[in-house]
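Now for the letters of each chain:
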Amino acid sequence: MAADAVEETLDGLGLVDHHCHGAATRALDPEGFASLLTEGEAWPDASPFDTPAGIAVRRHCAPLLDLPRHAPAAVYLARRAELGPAEVNRRFLRASRVGTFCVDTGHAPHRVTTPAELAAASGAETYEVVRLEAVAEAVAAGGVEADAYGEAFRAAVWKAVRRPGVVGVKSVAAYRTGLDLDPSWPGQAEVTEAAGRWLARGGRLDDPVLVRHLLWTAVDLGLPLQLHTGFGDGDLRLHRSDPALLTDWLRLTAGTVPVLLLHCWPYQRQAAYLSVVFERVYLDVGLTLHHVGPARAGAVLAEALEITPFRKLLYSSDAYGPAEFHHLGALAFRRGLAGLLRERVEADDLSPADAVRIARWTGRDNARRVYRLPGESTDDG
Amino acid sequence: MAADAVEETLDGLGLVDHHCHGAATRALDPEGFASLLTEGEAWPDASPFDTPAGIAVRRHCAPLLDLPRHAPAAVYLARRAELGPAEVNRRFLRASRVGTFCVDTGHAPHRVTTPAELAAASGAETYEVVRLEAVAEAVAAGGVEADAYGEAFRAAVWKAVRRPGVVGVKSVAAYRTGLDLDPSWPGQAEVTEAAGRWLARGGRLDDPVLVRHLLWTAVDLGLPLQLHTGFGDGDLRLHRSDPALLTDWLRLTAGTVPVLLLHCWPYQRQAAYLSVVFERVYLDVGLTLHHVGPARAGAVLAEALEITPFRKLLYSSDAYGPAEFHHLGALAFRRGLAGLLRERVEADDLSPADAVRIARWTGRDNARRVYRLPGESTDDG
Amino acid sequence: MAADAVEETLDGLGLVDHHCHGAATRALDPEGFASLLTEGEAWPDASPFDTPAGIAVRRHCAPLLDLPRHAPAAVYLARRAELGPAEVNRRFLRASRVGTFCVDTGHAPHRVTTPAELAAASGAETYEVVRLEAVAEAVAAGGVEADAYGEAFRAAVWKAVRRPGVVGVKSVAAYRTGLDLDPSWPGQAEVTEAAGRWLARGGRLDDPVLVRHLLWTAVDLGLPLQLHTGFGDGDLRLHRSDPALLTDWLRLTAGTVPVLLLHCWPYQRQAAYLSVVFERVYLDVGLTLHHVGPARAGAVLAEALEITPFRKLLYSSDAYGPAEFHHLGALAFRRGLAGLLRERVEADDLSPADAVRIARWTGRDNARRVYRLPGESTDDG
C-alpha cells in the first residue's frame, strides 16, 4: 500500500525533461528511422532494432500505435508511416506525461519540432536551451576579425539568452576537445590568436582555447550550464568525456552558475561524486535511459543515486528525432526510479513519505528550482 | 513455460568459444594447478581456491569428477590427479558443450593441447587464431636486418594466416605498450629505426612503433582481429587497457576488418559504446566469466549488454590450462545470460522469441558470421 | 537454516575496523552535524539529510537514540543534543559491535576521541595508524634544512611507529599529487632540491618528489601501508585516485609491505584486479559503505568481491566525527555481505561453511593477519 504511493506519484507527475531536442516532423522512411534508433553508424548486416533500444520500442511504443506488444519491426514501421509524423508525435509526446521540456535548439541535422511546435504537439510547456558552440559558429559564419571574436561571441550569447523562453545554455566541449581542458581563463591575447587560426581554417569550433573561452563566457551569464559528459555518438572519445576531468574547472568556477552534467554514463558514479563535493553540480542519466530501456534503467539509476544528494539528480531524455524516445526516457525513468524506491520502502530502508519526496524532486522539482521554472514545488525538505 | 525456452536454447546450443587456449596435457601437481587458478602471483599464506573462481571449481567442477558439490580442495586435487589429464580434459571439454573452439596458439608456457588435440578431446571443431606478437618475435629470432623487418613481418604473418584452419589474428598490444598508442600508420623509416633498436636489444616486442606497425599490418589481412583489453595477468597496466583508448585508431581503420574486444572487464561499458558507434567492433567478457563464476556472471553480462547491439556480443572463455575453465566459462555464460533473458521475458520486457534469438546469436551465430565459420545460422533478424 | 549461519556469524563477529578516525567529543550543533554528514560543501538550499547517508542515519540510527525509525531530521538533532556527545558515542560505538578499531590519528580538524578514549567509549581494542604526511609536516614545522629533510623525515617516522599500539601507516598521496606519480625511488639530491622548494614555500606536503620519498620511506618500515584511493572529499581529483595508477609502483615494491587500498569506489574493480595480481595488495570499500547506506552496500560489495581473493578484502568504516558512521559502516558491511553470501548459499553456489569462513575472514581475520593483531583467527583455509 505505502509502496504504491511512489508509483502513483511518479505516474501522476508532470516530469520536467530538462534536456531534450525536437521530434522529427517529416515522415521517416525505414532507413531514416532505423538510423535514428542508434548513436552509431548503420550496421550493414544487422538491424538497429536488434538493440536494447529497439526491443524497448517494439515492446513499449507499439501499443501506442495500436499494435501488439513486441510487434515486428516491419509492422511497426508500416504503422508508423500510416499514422504520419504529426499523429505519431502527438501520441508519444502526450503519453510521456512530461509537463515541461527544455529544448536544446542548436542541434538539428533533421527537421525537428521547434519549442513552440513541441508544446503544441505535447500539451507541455517548453523552454529553450542555447547551444553555445552553435552561437560561436554563427558568429564566425557572419564574419568577424580575430581580435573582435571574443567580444562578438560574448555579445551574441548575451543576445541569444535574452530571448523569451531561454532558461539555460549548453556546451558540447566534451565532443570538441574532451573535458581534459586547461581549466584556466584564457586572456584576450590568447583568444585573439586562437580565433585567428580558427577563422582562417573554418569548420566547427574545436580549438581548445576557444572552447575554454566559451565555457568561461557561460559562467558570466548566470544561467544554468548544461555540459555533455559520457555517452554520445561516434564523434566522441569516451574516456575524455569523464566528468571527473572537469574537477579543476569546477573548483575555479565554484559558486557561480549551476552546472548540469548530462548523460554521464558510464561515469555516473564520477558525476555523483562531483554532485556531492560541489554545491552547484547536478547530474542526469539522460540518453542512457532509452538506450538501456526500462528493463535496465533501474540498475543505472541505482548507480547514479548511490551517493547523490536527492536534490542533485534531474530527469532528462536527451531525445532527438523519433518521439518514441521522449516517451521511452520518461517511462524508463518512472519505472526504474519507482522500482528502486519501492524496493527500499518494502525493506523499510526508506519511509514512504521520503520516497515520494525523492520522486517529486528528481522528476520535477529539482529542475524547477535550478532553472527557476514556474510551478509549485514540494520544497518541504 | 515461454521463459524456459531460453534456458533450453542455451543448454542445447553448441557454443562458439571464439577465443581460448589449449588445455593442459600433463598432470598438474597441486601447486601447478593452484597457480593456474588465478591471474596473479602465488599468495604464500592463502589458497588460490579461496577465490570466486576456486569456489566455482569446487561447486561446479567437482561433480564432473564424481565428487560431491563443494568438495574440499585437497580432495578435488587428489581425484583430479587420480583421473589423469586426458580423462579430466575429456570430461570438462565435453561437458562444456562447446561446438567450436577458436584457439590462440601463440601463448603456451605450459604444454597444452594443439587445436587438433583439443578437437579430439572435446568432440568440437577447432580453428586457429594467430598471435601476431609471436610471429614478430619469431621473425626477430630467425635473424633479420632492421630495414627488412617490416616486410619480413608482413610476409610471415601472411604465411601464418594462410595455413588451413586459421580464422583470425590476435594482438596483445594492451600488454606491450597499452592501448594509448599513437593511432597513425608508421612509415617505413620509422619502422626501420624502431626495428634497429628492438633487434639490438632483443626481448619481447614492446616498441610502440612496432606495435603500431603490427596493428596496421593486421588491418591489411582482412581477417577478424582480436584485441586484448581490460582484465589479464599482472603484466598489465589495467588503466591503459581501457578499450576506449583505441577510439582514434578505430576511426582511422573503420570499414576494414572486424575488431573483437576481448575480456573488457571492468571496461565492458566502454567496449559496449565502441560496439555501438563502430560498425565492425564486437566484444566479449571472456576470462571474467570464470573468474567471477556463475554466481556473478549475469551481473557482468547485464552491464556488457546494457546498450550493446545483440549482433555485437560474442562468447569466449579465454580458458588456458585447466579444462575446468573451458567448462566454467560456458556454464557461466549460459546461466548468466539465461537468467537475465528470463527475467526480462517474465517482466514482459522481451518476447520469448526475441530472447531465443539473442541467445543463439551471442552464443553461436555472431561468431559464425564474423569468422565465416560453417554451420547454419539463425540470421532471421 | 544453513543460510542463517552467515547472518549469525556476521552478527556475532567482533569486526576489525581497520581504518577509522575518532568520534566527535564535543556537542555538534545542527550545522556542525550536518556538515559532517557529507564529504562536500554545504548546499545552501538543501539539507545534508537528503542524501542516502542521511536517510540511513534517520532509519538505522534513530532507534538507538530511542526515536522511531525515519524520525525527522530536526527531531533527530534535538534528541542527539539532549543525550550529549558522550552518551551518543557510547551508544553507537557499542552498537557497532566492532572488536578492534585501527585509528588514523593524523586528521582531526575537530576535537575527536583519541584511541584510548575510543576504546573506553566502545569497549573495543584500539590501535593507531600514523599518517605520514602529518609526520612530514611536523618535521617541516619544527625547522629543518633542505639537505637534512630526507633523513629527518625518516627518523621521525621511525620514531612515530615505535610508539606502543601503532600497527600501520597511511598516506594521502592521492589527495596531494594524485596516484599517477613517477614510481621510481627519488635520490638524495632530488629530495634535497624538492625539500628546499617546499620548506621555502610552506603549506601542506604536495611536492611530487617528496610524496614519492614518503611512499618509499614507508616501504622500509615493514608495516602495513594504507593508501587513500577513490572516493573522498572535494579536495580530490577523483580520476587521479584510481588505484590502477599505482601499478608500476606496486611492481617496484612487490614483496615488501602489505598495501591496503582504502575506499576505492568507484574503482573497486580496479582495486580488486590489483589484489589478484599483487601478492600483498588488499582492499576495502570503507567510507562508501555509510555513504551508500545499508540499502546499497551489498551491490558495492558484490563488485568489490567479483574477482577478489577472499583473504584480500577487509572491513573499514573510515568514520570521522559522528559516531553514527562507526555504526552505519559496520551495519552496512554486515547486512550487505550477509545478503550476498546468503543469496549464493541459497542458490547452492557457495557452501554454508565457506560462506561462514568468508564472513570471518573479511570481517575480522584478514585484518588480524595483516596487522598481526592478537586474537585467534579462523585460518583453516
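Residues numbered from 1 in each chain as written. Chains lettered and ligands numbered in written order. Predicted model: local features only at pLDDT ≥ 70, side-chain atom pairs only at ≥ 80, totals over all residues. Heavy atoms only, no water.

Novice: I'd like a rundown of the packing of aromatic side chains, residues and numbers included.
Specialist: What the rule picks out here adds up to 27 aromatic pairs over all chains. Look at Tyr 315 of chain A and Phe 333 of chain A: their rings are 4.9 Å apart centre to centre, the planes differ by 45°, and that puts the pair in the tilted class. Here Tyr 315 of chain A, found in the loop between helix H14 (294-304) and helix H15 (324-346), pairs with Phe 333 of chain A, found in helix H15; they are 18 residues apart in sequence, far enough to count as distant. Side by side, Tyr 315 of chain A and Phe 333 of chain A carry an identical accessibility label, which is buried. With a centroid separation of 6.2 Å and an interplanar angle of 80°, the aromatic rings of Trp 216 of chain B and Trp 249 of chain B are classed as edge-to-face. Residue Trp 216 of chain B is located in helix H11 (residues 208-221), and its partner Trp 249 of chain B is located in helix H12 (residues 247-252); the two are separated by 33 residues in the primary sequence. A relative accessible area of 14% means that Trp 216 of chain B is categorised as buried. (Phe/Tyr/Trp six-rings, centres within 6.5 Å; stacked < 30°, edge-to-face > 60°. Helix = DSSP H or I, 4+ residues; strand = E, 2+ residues; numbered from the N terminus. Buried < 20%, exposed > 50% of the residue type's maximum accessible area, 1.4 Å probe, protein only.)

Novice: Would you mind going over helix H15 (residues 294-304) of chain B in detail, with residue names and values included?
Specialist: With nine of 11 residues buried, H15 of chain B is to be regarded as a mostly interior element. For H15 of chain B, the complete set of buried residues consists of Pro 294, Arg 296, Ala 297, Gly 298, Val 300, Leu 301, Ala 302, Glu 303 and Ala 304 of chain B.

Novice: An account of the relation of the copies chain A and chain B is needed here, citing residue identities and associated values.
Specialist: Of the two same-sequence chains, chain A is brought onto chain B (RMSD 0.0 Å, axial shift 0.0 Å) by a rotation of 120°. Here the two chains are linked by the operation of a three-fold rotation axis. Different-surface contact between copies: only 3% of interface residues of chain A are shared with the interface of chain B. (Least-squares fit on C-alpha atoms with pLDDT ≥ 70 in both. Contact = heavy atoms within 4.5 Å.)

Novice: Explain the UniProt feature "domain: Amidohydrolase-related" (unreviewed entry) in chain A to me, and be specific about the residues and the numbers.
Specialist: Residues annotated by UniProt as "domain: Amidohydrolase-related" (unreviewed entry) correspond here to residues 116-373 of chain A. Along residues 116-373 of chain A one finds 54% helix and 10% strand; the C-alpha atoms at either end are 17 Å apart. (UniProt positions renumbered as here; feature names shortened; annotations may be inferred.)

Novice: Quick one: what's the story with the side chain of Asp 17 of chain A, residue by residue and with numbers?
Specialist: All names here are of chain A. Relative to the helices and strands, Asp 17 resides in strand E1 (residues 15-20). This buried residue, Asp 17, is left without a salt bridge; Arg 334 holds the nearest opposite charge, at 9.6 Å. Sequence-distant contacts of Asp 17, that is, excluding residues within four places in its chain, are made with Val 98, Thr 100, Phe 101, Cys 102, Tyr 315, Ser 316, Ser 317 and Asp 318. (Lys, Arg positive; Asp, Glu negative; His and termini not counted. Salt bridge = Lys/Arg side-chain N within 4 Å of Asp/Glu carboxyl O.)

Novice: Can you lay out the sheet that holds strand E4 (residues 166-171) of chain C for me, pointing to particular residues and giving the numbers?
Specialist: Strands belonging to one sheet form pairs held by backbone hydrogen bonds; the direction of such a pair is parallel or antiparallel. Residues and elements named next belong to chain C. Read across the open sheet, the seven strands follow the order E1-E2-E3-E4-E5-E6-E7; overall the sheet is parallel. Since the sheet does not close on itself, it has two edges, and those belong to strand E1 (15-20) and strand E7 (281-283), each with one partner. Each neighbouring strand pair of the sheet contributes to a mean axis angle of 25°, computed without reference to strand direction. Alignment of strand E3 (residues 125-131) against E4, held across four bridges, turns out to be parallel. Each bridged residue has a counterpart across the sheet, and for Val 129 the counterpart in E4 is Gly 168. (Pairing = 2+ DSSP bridges. Axes fitted to C-alpha atoms, helices over the stretch in contact; angles between N-to-C directions.)

Novice: Please set out the relation of the copies chain C and chain A residue by residue, giving values where relevant.
Specialist: Rotating chain C by 120° about the axis while translating it 0.0 Å along that axis superimposes it on chain A, leaving an RMSD of 0.0 Å. Little of the interface of chain C is mirrored in chain A, where only 3% of its interface residues are also at the interface.

Novice: Tell me about the interface of chain C and chain A, and please be specific about residues and values.
Specialist: The partner chain A presents 34 residues to the 38 residues of chain C that form the contact. Across the chain C to chain A interface the summed buried area is about 3,100 Å²; carbon plus sulfur atoms make up 53%. One can count eight salt bridges joining chain C with chain A. When the shortest N-O distance is used, the salt bridge between Arg 296 of chain C and Glu 306 of chain A registers 2.8 Å. Counting across the chain C and chain A interface gives 17 residue pairs in polar contact (both at pLDDT 80 or more). Listed by contribution, the elements that provide at least two residues to the side of chain C that touches chain A are helix H3 (52-61), helix H14 (288-292) and helix H15 (294-304) of chain C. The dominant element in the side of chain C that touches chain A, judged by the number of residues it contributes, is H3 of chain C, at five residues. (Buried area = accessible area lost by both parts, 1.4 Å probe. Polar contact = N/O pair within 3.5 Å; in protein donor to acceptor, adjacent residues only side chain to side chain.)

Novice: Summarise the packing of helix H8 (residues 146-161) of chain B against H11 of chain B; cite the residues concerned and give the values.
Specialist: All names here are of chain B. With their axes 11 Å apart at the nearest point, H8 and H11 run at an angle of 45° to one another. Taken together, the axes of H8 and H11 are oblique relative to one another. The hand of the H8/H11 crossing is right-handed. Across the interface between the two elements, Tyr 149, Gly 150, Phe 153, Arg 154, Val 157, Trp 158 and Val 161 from H8 touch Leu 210, His 213, Leu 214, Thr 217, Asp 220 and Leu 221 from H11. Broken down by class, the residue content of the contact of H8 with H11 amounts to eight nonpolar, three polar and two charged. (Parallel < 35°, antiparallel > 145°, perpendicular 65-115°, else oblique. Left-handed = near helix turned anticlockwise from the far one by under 90°. Nonpolar A, V, L, I, M, F, W, Y, C, P; charged D, E, K, R; others polar.)

Novice: Give a detailed account of the environment of Ala 24 of chain A, specifying residues and quantitative values.
Specialist: Positionally, Ala 24 of chain A belongs in the loop between E1 and helix H2 (30-37). For the pair Ala 24 of chain A and Ala 56 of chain A, spaced 32 residues apart in sequence, the C-alpha to C-alpha distance is 19 Å.

Novice: Outline the sheet that holds strand E7 (residues 281-283) of chain A, listing residues and values.
Specialist: Residues and elements named next belong to chain A. Here we have seven strands laid out as an open sheet, ordered E1-E2-E3-E4-E5-E6-E7, and parallel in their pairing. Taken across any chain shown, the strands that pair with only one partner, and hence form the sheet edges, are E1 and E7. Within the sheet, the average angular offset between the axes of one strand and its neighbour, ignoring direction, is 25°.

Novice: Go over the interface of chain A and chain B with me, naming the residues and quoting the values.
Specialist: The partner chain B presents 34 residues to the 38 residues of chain A that form the contact. For the pair chain A and chain B, the summed buried surface comes to about 3,100 Å²; carbon and sulfur atoms form 53% of the total. Across the pair Asp 354 of chain B and Arg 58 of chain A runs a salt bridge, and its minimum N-O distance is 2.7 Å. On inspection of chain A and its partner chain B, the count reaches 16 residue pairs in polar contact (both at pLDDT 80 or more). Of all the secondary structure elements, the ones that give two or more residues to the side of chain A that touches chain B are helix H3 (52-61), helix H13 (288-292) and H14 of chain A.

Novice: How would you explain unusual backbone geometry if you had to name every residue and give the values?
Specialist: A cis amide bond links Trp 265 of chain A with the next residue in sequence, Pro 266 of chain A, at an omega value of 0°. Along the chain, Pro 266 of chain A falls in the loop between strand E6 (259-263) and helix H12 (268-277). Positive phi, normally seen in glycine, also occurs at Arg 372 of chain B, with a value near 55°. Mapping Arg 372 of chain B onto the fold places it in the segment after helix H17 (352-371).

Novice: Explain the confidence of the model for chain A to me, and be specific about the residues and the numbers.
Specialist: Mean pLDDT over chain A: 95, with 97% of residues reaching 70 or higher. We note a pTM of 0.97 for the whole complex and an ipTM of 0.97 for its interfaces. (pLDDT = per-residue confidence, 0-100.)

Novice: Describe helix H1 (residues 4-12) of chain B, listing the residues and the values that go with them.
Specialist: All names here are of chain B. Considered for burial, the residues of H1 that qualify are Val 6, Thr 9 and Leu 10. The buried residues of H1 all sit within an arc of 90° when viewed along its axis, so they share a single face. Within H1, the exposed residues directed more than 90 degrees away from the buried face are Glu 8 and Gly 12. For H1, the secondary structure elements touched by its buried residues are helix H16 (324-346) and H17. (Arc of directions from axis to C-beta.)

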